[in-house]
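# Working through the structure, step by step
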Amino acid sequence: MAADDQRIVAAIVVAAGWGERLGSGGPKAFVAVAGRTLLEHATEPFRTHRRVRDVILVAPANLTASAAELVPSATVVPGGRTRQESVARGLAALADDVELVLVHDVARAFVPPAVLDRVLQALDAGAAAVVPVVPVTDTIRAYSAGTNELGATVDRSSLRAVQTPQGFSRATLDAAHAGADPDATDDASLVEAIGGQVVAVRGAEEAFKVTVPLDLARAEAVAARG
């Protein structure tokens, strides 16, 4: 529960995708890791955070009842055709007094609470849009799809990989989604598209995205550490 002198915070956890690359044969959110679904792991940091009052869970339309059983404290709404539509549906379900919104992908199921703290601290300091980032460790080179030729090596010291939760003022996120490209996959990019500024804070390696089967082994290891 937010303190009286702080703006009300809600989290939208997007869990409506199927996750074909994971090869689970069903929605990614319902895949089990260490005896709990990714959905349960992903919502826990928000459900237990002192600043987050409300959790809006966007689930597959045919599994909203199952999602509500797993996370009874959340408000569950059916997802849309695209991620942007799903976030927009989550926005529509927010209470009128919510002023700050965290948008999180269920695939990043093990984000440490400290990342939420850093995002919210930046919002409290006046930022309208905040993203957690981590350094890029791989060597990155330009590539020509037409010829399969490699170009110059990109200086990775200036590159960062973007994670979630991304944080926004409610007004900024509402404006970004009004008339947005329905195929957009990143809320911060929508803010930049309307001329907004996005601030970066330090993310965490534990907030990696569960995408392919090998990621499940890493997830089991992270879950085992508690």
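Below you will find a few notes about this structure. (Residues numbered from 1 in each chain as written. Predicted model: local features only at pLDDT ≥ 70, side-chain atom pairs only at ≥ 80, totals over all residues. Heavy atoms only, no water.)

## Some words on the packing of helix α3 (residues 83-92) against helix α5 (residues 170-177)
The N-to-C vectors of α3 and α5 enclose an angle of 135°; their axes lie 11 Å apart at closest approach. By the criterion of interaxial angle, the relationship of α3 to α5 is oblique. Once α3 is placed against α5, the crossing between them reads as left-handed. Contact with α3, carried on its side by Gln84, Val87, Ala88 and Leu91, involves Arg170, Leu173, Asp174 and His177 of α5 and no other residues of that element. For the contact of α3 with α5, a count of residues per class yields four nonpolar, two polar and two charged. (Axes fitted to C-alpha atoms, helices over the stretch in contact; angles between N-to-C directions. Helix = DSSP H or I, 4+ residues; strand = E, 2+ residues; numbered from the N terminus. Parallel < 35°, antiparallel > 145°, perpendicular 65-115°, else oblique. Left-handed = near helix turned anticlockwise from the far one by under 90°. Contact = heavy atoms within 4.5 Å. Nonpolar A, V, L, I, M, F, W, Y, C, P; charged D, E, K, R; others polar.)

## Some thoughts on α5
Every α-helix winds through 3.6 residues per turn, so residues three or four apart in the chain are directed the same way. Along α5, the positions that sit buried rather than exposed are Arg170, Thr172, Leu173, Ala176 and His177. Looking straight down α5, one finds that the buried residues subtend no more than 165° of arc, so they occupy a single side. In this fold, the buried residues of α5 make contact with α3, β6 (100-105), β11 (166-169) and α6 (187-193). A positive phi of about 70° marks Gly179, the residue just after α5. (Buried < 20%, exposed > 50% of the residue type's maximum accessible area, 1.4 Å probe, protein only. Arc of directions from axis to C-beta.)

## Some words on α3
Those residues of α3 that sit buried are Arg83, Gln84, Ser86, Val87, Gly90 and Leu91. Down the axis of α3, the buried side of the element spans an arc of 160°, and every buried residue falls inside it. Tucked into the core, α3 has its buried residues touching β1 (9-14), β4 (52-59), β5 (75-78), β6, α5 and α6.

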